[in-house]
Amino acid sequence: MKVLMLNGSPNKQGCTFTALTEVAKELEKQEIESEIMDLGKVAIRDCIGCKACRKLDCKCVFDDDIVNVIIGKAKECDGFIFGSPVYYSHASGRLLSVLDRVFYAGSAAFYHKPGAAVVSARRAGTSASLDDINKYFAFAQMPMVPSTYWNNVHGNTAEQTAADLEGLQTMRNLAKNMAWMLKCFEAGKKQGIEAPAAERGNQTNFIR
């Protein structure tokens, strides 16, 4: 079993990375493989709503950045953690641009797989940022993995984040719950319990 983690910060080894690394350490103890993907500093397109992905096989029409790489990896992974710094009380625009396209084009790769959001902040804005990310899980029928507090860490540098003992404890508990959930799902599959098939087709427009 494997968990894919996205570092939505342009800083490769900053506060968000520090939090995700703590999750990765605990997942390893729980015998769960993990990978942290950095979104980097290069420009990433927004979704333009062209709907061309509907004619493709779980791919975005723009194939010159990290989005289709993430979708490809998602098909082979069992759980997901999306990490972001807090900017003006919301998740990073970089991460949101990626997730808009990843889920619009490749949501089938995520259905019914556990997911969690992790955010880092100097001080405030974490709950609003978590809400930004959690919406993607809800629309893809993904169980959200909890911890023992909000899934956030505090600090203005990686060193300060590493000193947030409660925050790091929250990351470890998140990892334990992710591992437990993945193992429960795997046990259920072995017993013949399959994910439910969702109803589709009905769309009610407010303006007719």
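Note on numbering: residues in each chain are counted from 1, in written sequence order. Where local features are concerned, this predicted model is filtered to residues with pLDDT of at least 70; where side-chain atom pairs are given and counted, the filter is 80 or more; whole-chain, interface and lining totals use all residues. As a convention, hydrogens and water are excluded, and side-chain values are obtained from all of the structure's heavy atoms.

> I'd like a rundown of empty space enclosed by the protein, residues and numbers included.
Detection works on a 1 Å grid of protein atoms alone, calling trapped sets that fit a 1.4 Å probe cavities and calling open sets with protein on both sides within 12 Å along at least five of seven lines pockets, with lining residues defined by an atom within 4 Å of a point. Grid points are joined across faces, edges and corners, and a volume is the space filled by probe spheres set on the points. Tallying each qualifying case throughout the model produces one cavity of 30 Å³ or more. Taken as a whole, the largest cavity encloses approximately 100 Å³ of empty space. Forming the walls of the largest cavity are 13 residues, and the residues nearest its centre are Cys-47, Cys-50, Cys-53, Cys-60 and Tyr-104. Note on residue classes: Ala, Val, Leu, Ile, Met, Phe, Trp, Tyr, Cys and Pro are nonpolar, Asp, Glu, Lys and Arg are charged, and everything else, Gly too, is polar. Its residues assigned to classes, the lining of the largest cavity comprises nine nonpolar, one polar and three charged.

> Describe the side chain of Thr-18, and please don't skip the residues or the numbers.
Structurally, the position occupied by Thr-18 is in helix α1 (residues 15-29). Here, residues are in contact when the closest pair of their heavy atoms is within 4.5 Å. In contact with Thr-18, other than residues within four places in its own chain, are Ala-158, Thr-161 and Ala-162. Here a strand is any run of E in DSSP of at least two residues, a helix any run of H or I of at least four, and the numbering for each starts at the N terminus.

> Before we move on, can you summarise the nonpolar core with the specific residues and values?
Nine residue types can take part in a nonpolar core, namely buried Ala, Val, Leu, Ile, Met, Phe, Trp, Tyr and Cys, and a core is a set of them joined through side-chain atoms within 4.5 Å. Three labels apply to residues, based on accessible area from a 1.4 Å probe with only protein chains included: buried if under 20% of the type maximum, exposed if over 50%, partly exposed otherwise in between. Core analysis: the biggest nonpolar cluster contains 35 residues, and Ile-70, Phe-82, Phe-103, Phe-110 and Ile-133 have the highest contact counts within it. Listed by contribution, the elements that provide at least two residues to this core are β1 (2-7), α2 (67-76), β3 (79-87), α3 (93-106), β5 (115-121) and α4 (126-139). Ranked by residue count, the leading element in this core is α3, at six residues. Counting 20 residues, the second largest nonpolar core, distinct from the first, contains Ile-32, Ile-81, Leu-174 and Met-178.

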